[in-house]
Amino acid sequence: KAGVTQTPRYLIKTRGQQVTLSCSPISGHRSVSWYQQTPGQGLQFLFEYFSETQRNKGNFPGRFSGRQFSNSRSEMNVSTLELGDSALYLCASSFDSNTGELFFGEGSRLTVL
Amino acid sequence: AQRVTQPEKLLSVFKGAPVELKCNYSYSGSPELFWYVQYSRQRLQLLLRHISRESIKGFTADLNKGETSFHLKKPFAQEEDSAMYYCALKLKGAQKLVFGQGTRLTINP
């Protein structure tokens, strides 16, 4: 079974731009979660989607948004990028929406200049 | 507010010695706790969860509600145990994990 795939793996943007990150979950998994990882704050929950519906949202500003498609693939978007948005963005999938057992991707490393 | 604390950023032990990685949590509800591990150049993966009460790769973790702890233990460390370990708390009814800051474990030969 292929693992969780995230694209792009690395990207560089400048302040004020927007970015879209993509995540393909493990086949059959319907829940996709997103986490932001930084050296200072560690792993922080962004949001979770299940069957195209946002189930939970973390404490991030409205500039951070996401969606899930009917094939369970998910995208997250960050608009009006700030320097502090530089981070590793991790996507994780799971079969169900209440297990806590997450399968993580390798992440998308975003650098904002 | 829910919180997970891993007091040690770095932990270094010799091969064959016992290992204990500490994890304390703060949560008003009934906790579900997990340990995730990230080996060098690998993705973050689940090691074990308290509900299953299993031993994985020789590691065990017992939930102590009185002390609000979920320490990870292994009686005899092996070099391949060197990794970053994260304790995580799952909020009730939600697929949302609150992670600790992680402990980097190094096993010396």
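To be clear, the structure that these remarks concern was listed above.
Fair warning: this is a prediction, and the values are worked out from it, not measured in the lab. (Residues numbered from 1 in each chain as written. Chains lettered and ligands numbered in written order. Predicted model: local features only at pLDDT ≥ 70, side-chain atom pairs only at ≥ 80, totals over all residues. Heavy atoms only, no water.)

A.B. asks: Tell me about the overall build of chain B, and name the residues and values.
C.D. replies: Helices and strands together make up the secondary structure of chain B, namely 0 helices and 11 strands. Secondary structure of chain B in N-to-C order comes out as β-β-β-β-β-β-β-β-β-β-β. The C-alpha radius of gyration computed for chain B amounts to 13 Å, which stays within 12% of the reference 13 Å derived for 109 residues, consistent with globular compactness. Taken along its principal axes, the extent of the C-alpha atoms in chain B is 40 × 30 × 25 Å. Evaluated residue by residue, chain B yields a buried proportion of 46% over its 109 residues. In chain B, 58% of the contacts between residues at least 6 apart in sequence involve partners at least 24 apart. Within the structure as shown, chain B displays about 5,700 Å² of accessible surface, and the carbon and sulfur contribution to it stands at 49%. (Helix = DSSP H or I, 4+ residues; strand = E, 2+ residues; numbered from the N terminus. Rg over C-alpha atoms; globule rule 2.2 N^0.38 Å. Buried < 20%, exposed > 50% of the residue type's maximum accessible area, 1.4 Å probe, protein only. Contact = heavy atoms within 4.5 Å. Areas by Shrake-Rupley, 256 points an atom, 1.4 Å probe, with all protein chains shown as cover.)

A.B. asks: Give me the pattern of salt bridges: which residues, what numbers.
C.D. replies: Side-chain pairing between opposite charges can occur once the charged atoms of the two side chains come close. Tallied over the entire structure, the rule returns 12 salt bridges over all chains. Put simply, A:Glu101 and B:Arg49 hold a salt bridge, and the shortest N to O gap is 2.6 Å. Of this pair, A:Glu101 sits in the loop between strand 9 (87-94) and strand 10 (103-104) while B:Arg49 sits in strand 6 (residues 45-49), placing the two residues on different chains. For A:Glu101, a relative accessible area of 26% translates into the label partly exposed. Ionic contacts of the salt-bridge type, sharing partners, join the residues A:Arg9, A:Glu106 and B:Arg43 into one network. (Salt bridge = Lys/Arg side-chain N within 4 Å of Asp/Glu carboxyl O.)

A.B. asks: Can you lay out the side chain of A:Ser22 for me, pointing to particular residues and giving the numbers?
C.D. replies: All names here are of chain A. Turning to its location among the elements, Ser22 is positioned in strand 3 (residues 19-24). The exposure class assigned to Ser22 is buried, which follows from its relative accessible area of 14%. For Ser22, the contacting residues outside a window of four places in its chain are Thr5, Gln6, Thr7, Trp34, Arg73, Ser74 and Glu75.

A.B. asks: Quick one: what's the story with the sheet that holds strand 1 (residues 5-7) of chain A, residue by residue and with numbers?
C.D. replies: All names here are of chain A. With antiparallel pairing, 4 strands are arranged side by side in an open sheet as 1-3-8-7. Pairing within the sheet leaves two strands with one partner each, and these edge strands are strand 1 and strand 7 (64-68). On average, each strand axis in the sheet is inclined to that of its neighbour by 15°, with strand direction left out of account. Sheet topology note: the strand 3/strand 8 (residues 74-78) ladder contains 5 bridges and is antiparallel. Among the inter-strand pairings, Thr20 is bridged to a residue of strand 8, identified as Asn77. (Pairing = 2+ DSSP bridges. Axes fitted to C-alpha atoms, helices over the stretch in contact; angles between N-to-C directions.)

A.B. asks: Outline the sheet that holds strand 3 (residues 19-21) of chain B, listing residues and values.
C.D. replies: Residues and elements named next belong to chain B. Spatially, the 3 strands line up as an open sheet ordered 3-8-7, and their pairing is antiparallel. Looking along the sheet, the strands with just one partner apiece sit at the ends: strand 3 and strand 7 (60-61). Pairing geometry for strand 7 and strand 8 (residues 72-74), over 2 bridges, is antiparallel. Across the sheet, Ala61 pairs through a bridge with Leu72, a residue of strand 8.

A.B. asks: If you had to explain the interface of chain B and chain A to someone new, which residues and values would you point to?
C.D. replies: Across the contact, 15 residues belong to chain B and 24 residues belong to chain A. The contact between chain B and chain A buries some 1,700 Å² in all, and 48% of this surface belongs to carbon and sulfur atoms. Per-residue buried area on chain B facing chain A is highest for B:Arg43, B:Leu44 and B:Gln95; these three make up 41% of the total on that side. Between chain B and chain A we count 2 salt bridges in total. At the boundary of chain B and chain A, one finds 15 residue pairs in polar contact (both at pLDDT 80 or more). Those elements that place two or more of their residues in the side of chain B that touches chain A are strand 5 (32-38), strand 6, strand 9 (83-90) and strand 10 (97-99) of chain B. (Buried area = accessible area lost by both parts, 1.4 Å probe. Polar contact = N/O pair within 3.5 Å; in protein donor to acceptor, adjacent residues only side chain to side chain.)

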